Structures are given as C-alpha cells and as structure tokens.
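# Tertiary structure, described
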Amino acid sequence: MMSKYLWPITTMGLVLLMGVALLTAPFGLHFYVSGHHWNHATYWTFWTGVGVVVVAAVGLYGWITGIGEEGRRILPPRAEAEATSQDARADAGGAAAMNGDEALQQLARAVLRDLNQRLGDGGTGAGMGGA
C-alpha cells in the first residue's frame, strides 16, 4: 500500500539535496572572485539550484500529501475504534487512580491513628520526637 510512495519520496529527497548542492556550489568551489559581481557560471548555477529546490520541494510535498490522503482514506474506521477504546482505557485509568488515591488516604489515616496512639499512650519516643 504505502510502499508505492517509497521511491518517489526518496528520489525527490535526493533531487532536493542536489538542488542544495547546486545552490552552494558556486560559493564552495569559488566560481567567482569574492567581492566582485557574479559571473555567468555562478549566476546560472545558483538560479538553477533554486529552481531544482523549488521543483523538488513541490514534488516532495505532493507525494507526502498523497500518502497522507491515502492514510486518511484507509484509517478512519480503525481510528474511531481506537479513540473509543482509548476513552474506555482513560475512564478505567481514572477509576484506578481514584482507587489508588483512596488507598493512599486510608494508609495515611492508619499511620496517623498509629502515631496518635503511640504519642497518646506515652509509648517509646513520645517525648523525643518519635522514632
């Protein structure tokens, strides 16, 4: 299904890189003397690179948009089912979190009762800050 997009997207990516190479070639290969006007080789190489980058970017955008449209055409039924199951999991997770909170509250109450009993009975460490 999606493998038909692999080679066009890869090719457009390579063409984009070649356009960037054309853009930078006049400056990296010193086609002209720095500080002077561009010569014909610099001018045509640079603007050809701009054209190649624009064409490659438009082609890449088109192919990526195509793969996105095909994905949206195929996936909506599964996406809705997953959204429903995620909502159910979120509700269950909320209930589990409430149960966890309740368990922590019960534990905290038990610890406080135990501390109050020990401090109230004058148990070990009652006057020394506990321990």
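Structure: above.
In what follows, the accompanying structure is described.

Basis of the calculations
- Residues numbered from 1 in each chain as written.
- Predicted model: local features only at pLDDT ≥ 70, side-chain atom pairs only at ≥ 80, totals over all residues.
- Heavy atoms only, no water.
- Helix = DSSP H or I, 4+ residues; strand = E, 2+ residues; numbered from the N terminus.
- Buried < 20%, exposed > 50% of the residue type's maximum accessible area, 1.4 Å probe, protein only.
- Contact = heavy atoms within 4.5 Å.
- Areas by Shrake-Rupley, 256 points an atom, 1.4 Å probe, with all protein chains shown as cover.
- Patch = residues over 30% accessible without salt bridge, like charges linked within 9 Å, V, L, I, M, F, W, Y side chains within 5 Å.
- Salt bridge = Lys/Arg side-chain N within 4 Å of Asp/Glu carboxyl O.
- Polar contact = N/O pair within 3.5 Å; in protein donor to acceptor, adjacent residues only side chain to side chain.
- Expected span 1.5 Å × (residues − 1).

## Let's talk about the overall build of the protein chain
Helix and strand counts for the protein chain come out as 3 helices and 0 strands. Element order for the protein chain, N to C, with α for helix and β for strand: α-α-α. Relative to its full complement of 131 residues, the protein chain shows a buried share of 14%. Of the contacts formed within the protein chain by residues at least 6 apart in sequence, a portion of 63% connects residues at least 24 apart. Split by element, the accessible area of the protein chain, about 10,000 Å² in all, is 67% carbon and sulfur.

## A short note on a nonpolar patch on the surface
Among the surface-exposed residues, L104, L107, V111, L112, L115 and L119 lie close enough to one another that they form a single nonpolar patch of about 580 Å² accessible area. For L107, the position within the fold is in helix α3 (residues 76–121).

## Concerning the pattern of salt bridges
For the coordinates displayed, the defined rule picks out 1 salt bridge. The residue R118 makes a salt bridge to D114 at a minimum N-O spacing of 3.7 Å. Here the residue R118 and the residue D114 both occupy positions in helix α3, the gap between them amounting to 4 residues, near one helical turn.

## Looking at unusual backbone geometry
Located in the positive-phi region is H30, a residue other than glycine, with phi close to 55°. Following the sequence through the fold, H30 ends up in the loop between α1 (6–28) and α2 (40–74).

## Topic: the environment of T42
Counting through the fold element by element, T42 comes out in helix α2. If we skip the residues at most four places from it in the chain, T42 touches P26, F31 and Y32. At a separation of 2.8 Å, a polar atom in the side chain of T42 contacts the side chain of N39.

## Topic: α1
When the terminal C-alpha atoms of α1 are compared, their 32 Å separation across 23 residues agrees well with the 33 Å that a helix rising 1.5 Å per residue should span. By the burial criterion, the buried members of α1 are P8, G19, L23, A25 and P26. Where the residues of α1 are buried, they touch α2. Looking at the residues trailing α1, positive phi occurs at H30, about 55°.

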